[in-house]
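Coordinate analysis (summary)
Below, each chain spelled out in residue letters.
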Amino acid sequence: METILTTTASKLTIFHSISSTKLNSFSRKFSVGFSGNKNRKKVTTLKQGSFSYLPLGVQASASQAAASSTEAEPTKVGTVPSEMKAWLYGEYGGVDVLKFDEKVTVPQVKEDQVLIKVVAAALNPVDGKRRQGKFKATDSPLPTVPGYDVAGVVVKVGTQVKEFKEGDEVYGDINEKALEGPKQFGSLAEYTAVEERLLAPKPKNLDFVQAAGLPLAIETAYEGLERTGFSAGKSILVLNGSGGVGSLVIQLAKQVFGASRVAATSSTRNLEFLKSLGADLAIDYTKDNFEDLPEKFDLVYDAIGQCDRAVKAIKEGGTVVALTGAVTPPGFRFVVTSNGEVLKKLNPYLESGKVKPIIDPKGPFPFSQVVEAFSYIETNKATGKVVIHPIP
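The structure displayed is predicted, hence computed values, not measured ones.

Next up on the list: the side chain of glutamine 251. Turning to its location among the elements, glutamine 251 is positioned in helix H5 (residues 244-255). Exposure remark for glutamine 251: the relative accessible area of 3% places this residue in the buried category. Those residues in contact with glutamine 251 that lie beyond four places of it in its chain are Val256, Leu277, Lys354, Val355, Lys356 and Ile358.

Below you can see the structure in the form of C-alpha cells.
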C-alpha cells in the first residue's frame, strides 16, 4: 500500500530579488561507453564497489526543466525500487565526466542508517574538488554518485535506528568526514543511505529546497566559530561573506554567538546583501584591501583562501579559520565533521527566522541540469547555495 506525503513549499526567504527569467526547456543526450563503427555499438557495463551501472544514451526531458518551481510536489513513500536515476562519474576530471544514468542500484541500508527519498540536494565546493581528484587518496572507489547535502523523506530504516521512522522529513550532510572516505552513493540521486547520527528533522518552516542548502555550510560555519572559542563581545571579519558558508557565518556570529561587530567582504553588487544579513561593515574587495584597514578583528573567517592576508587583519591574540588555500600561522585549517546534533541545536534559530537559508537566485537547478549547476558553482560567483530540485 502506498502512502502519499504532501508537502507545500513556502516561498524562499532570500535577501535579494530572484531573476524573473524562467528556465528554458532543457534537452540533452549523453552517450557513454559506445565504440566501434557507425553500424555497430559496443556497450560496456562498469562494475565496482557495491554497485554497477550500464552506460546508456539518456534523453533528459523538457518536463524536468519545467518542473523547477520551488513548490515541492507530493512525495510518494512506498515500495523502494531496486534501481534509480542518478548522476555519477567513473573517472576524475572536469564537468564533462558527469553522466546521467537511469539504472543505478539503490544503496543498501545498514543497521544504523535510513534510506532517504531525495527531494532536493545542494552542491558545495568540495563536490567539485572531489570530482577533480584532489583527494583521491582518501576517496571512496569509483564510480561515484556525488553530493553531500540532502533534504528528503525517510522511506526505510535500519534495525538500530531509534529517532526516525518512515515518512519523516529530514536533512543533513551525508558524509561524516568531508575528505576521508566520503560515500560512494551521494545525494544527486533518487535515493541515498545515511547514518541516523548525521541527520536532523527538517525545520518546520523551511521547504526542501531551503533545507537542502544548509547542512554542510551551516555546520562548517558553526563548528568553525565554536572551534576558535568565539563568544559574545568579540569581533569578526568574514571573507567572501556572500558565499554559502560566509553568509551563514555572518548570521550565526550575530544571532547565535553574540558578536559585537561583524565585517564582511564581497564584490560591489553584494554590499547591501551583506548588511541585510547583519554585517556592520561591508567591505568592497574590488576597491579596498581589508588588511590595510585600521580596524582589526578577534577572528577572521577565511572562506575564500586568503590566509596570508587575513593574518594581517587580526588583533594581537586573534586567529584565522582557513577553509581553503595555504595556511599562515596563527591561522589554522578547518574541515567540518558532519553532526546531526549541530543541526538540531540550530533548528530553533532557523524556525524562528533569526537565521535564514540563502539560495542563489539562478536556482534551483532541475535534476537535468546538474552539469550546468556544477559549472556555475565552480565560477565562484554564486550567492548563497546552489540547489538541485526537483529530483525525480
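Look at helix H4 (residues 215-227) against helix H8 (residues 340-352): their axes get within 11 Å of each other, and the N-to-C directions meet at 100 degrees. Considering their axes alone, H4 and H8 lie roughly perpendicular with respect to each other. For the pair formed by H4 and H8, the contact residues are Pro215, Ile218, Glu219, Tyr222, Glu223 and Glu226 on the first element and Val342, Leu343, Lys345, Leu346 and Leu350 on the second. Across the contact of H4 with H8, the residue classes break down as seven nonpolar, no polar and four charged.

This part covers the packing of aromatic side chains. Tallying each qualifying case throughout the model produces seven aromatic pairs. Note on tryptophan 87 and phenylalanine 367: the rings are 6.5 Å apart at their centroids and 80 degrees apart in plane angle, and the pair reads as edge-to-face. Within this pair, whereas tryptophan 87 is found in strand S7 (residues 83-88), its partner phenylalanine 367 is found in the loop between H8 and helix H9 (370-377), the two being separated by 280 residues in sequence. Judged on exposure class, the residue tryptophan 87 and its partner phenylalanine 367 are both buried. When the ring centre of tyrosine 191 is taken as reference, the NZ or CZ atom of lysine 117 above it lies at 5.8 Å. The ring of phenylalanine 208 is capped by lysine 202, whose NZ or CZ atom sits 5.0 Å from the centre of that ring.

Our next topic: the nonpolar core. Nonpolar side chains in soluble globular proteins tend to end up buried together. Ranked by internal contacts, the top residues of the largest apolar core, which has 56 residues, are Ile218, Leu225 and Ile236. Ignoring sequence-local partners within four residues, the contact set of leucine 225 consists of Phe230, Ile236, Val249, Leu252, Ala253, Phe257, Leu299 and Tyr301. Listed in part, the 33 residues of the second largest apolar core include Val114, Leu199, Tyr376 and Val386.

On to the sheet that holds strand S19 (residues 332-333). Here six strands make up an open sheet; going across it, the order is S16-S15-S14-S17-S18-S19 and the pairing parallel. Here the strands that pair on one side only, and so sit at the sheet edges, are strand S16 (281-284) and S19. Note: strand S14 (residues 235-239) against strand S17 (residues 297-302), four bridges, orientation parallel. Its bridge partner lying in S17, isoleucine 236 is registered against leucine 299. Packed on one face of the sheet, H4 meets S14, S17, strand S18 (314-322) and S19 and runs near 145 degrees to S17. Contacting S14, strand S15 (261-266) and S17, H5 runs over the sheet at an angle of about 170 degrees to S14.

We now examine the packing of H4 against H5. In the contact formed by H4 and H5, the axes pass within 8 Å of each other and the chain directions differ by 50 degrees. Classified by the angle their axes make, H4 and H5 are oblique. Between H4 and H5 lies a crossing whose hand is right-handed. Residue-level contacts link Ala217, Ile218, Thr220, Ala221, Tyr222 and Leu225 of H4 to Gly244, Val245, Leu248, Val249, Leu252 and Ala253 of H5. Across the contact of H4 with H5, the residue classes tally to 10 nonpolar, two polar and no charged.

All right, on to the pairing of S15 then. Most of S15 is tucked away: five of the six residues are buried. Across four bridges, the pairing between S14 and S15 is parallel. Pairing of leucine 237 across the sheet is with alanine 263, part of S15. In this view, the connection linking S14 to its parallel neighbour S15 by way of H5 has right-handed handedness. With four bridges connecting them, S15 and S16 associate as parallel partners.

Further remarks concern unusual backbone geometry. Here the residue pair glycine 363 and proline 364 is connected by a cis peptide bond, since its omega of 0 degrees sits within 30 degrees of zero. Structurally, proline 364 is set in the loop between H8 and H9. The residue after histidine 389, namely proline 390, is reached through a cis peptide bond having omega 0 degrees. Its place among the elements puts proline 390 in the segment after strand S20 (386-388). Despite not being glycine, asparagine 240 has its phi angle at roughly 70 degrees, a positive value. In this fold, asparagine 240 is placed in the loop between S14 and H5.

What counts and what doesn't
Residues numbered from 1 in each chain as written. Predicted model: local features only at pLDDT ≥ 70, side-chain atom pairs only at ≥ 80, totals over all residues. Heavy atoms only, no water. Helix = DSSP H or I, 4+ residues; strand = E, 2+ residues; numbered from the N terminus. Buried < 20%, exposed > 50% of the residue type's maximum accessible area, 1.4 Å probe, protein only. Contact = heavy atoms within 4.5 Å. Axes fitted to C-alpha atoms, helices over the stretch in contact; angles between N-to-C directions. Parallel < 35°, antiparallel > 145°, perpendicular 65-115°, else oblique. Nonpolar A, V, L, I, M, F, W, Y, C, P; charged D, E, K, R; others polar. Phe/Tyr/Trp six-rings, centres within 6.5 Å; stacked < 30°, edge-to-face > 60°. Lys NZ or Arg CZ within 6 Å of the ring centre and 35° of its normal. Core = buried A, V, L, I, M, F, W, Y, C linked by side-chain atoms within 4.5 Å. Pairing = 2+ DSSP bridges. Left-handed = near helix turned anticlockwise from the far one by under 90°. Right-handed = clockwise from strand over helix to strand, strands pointing away.

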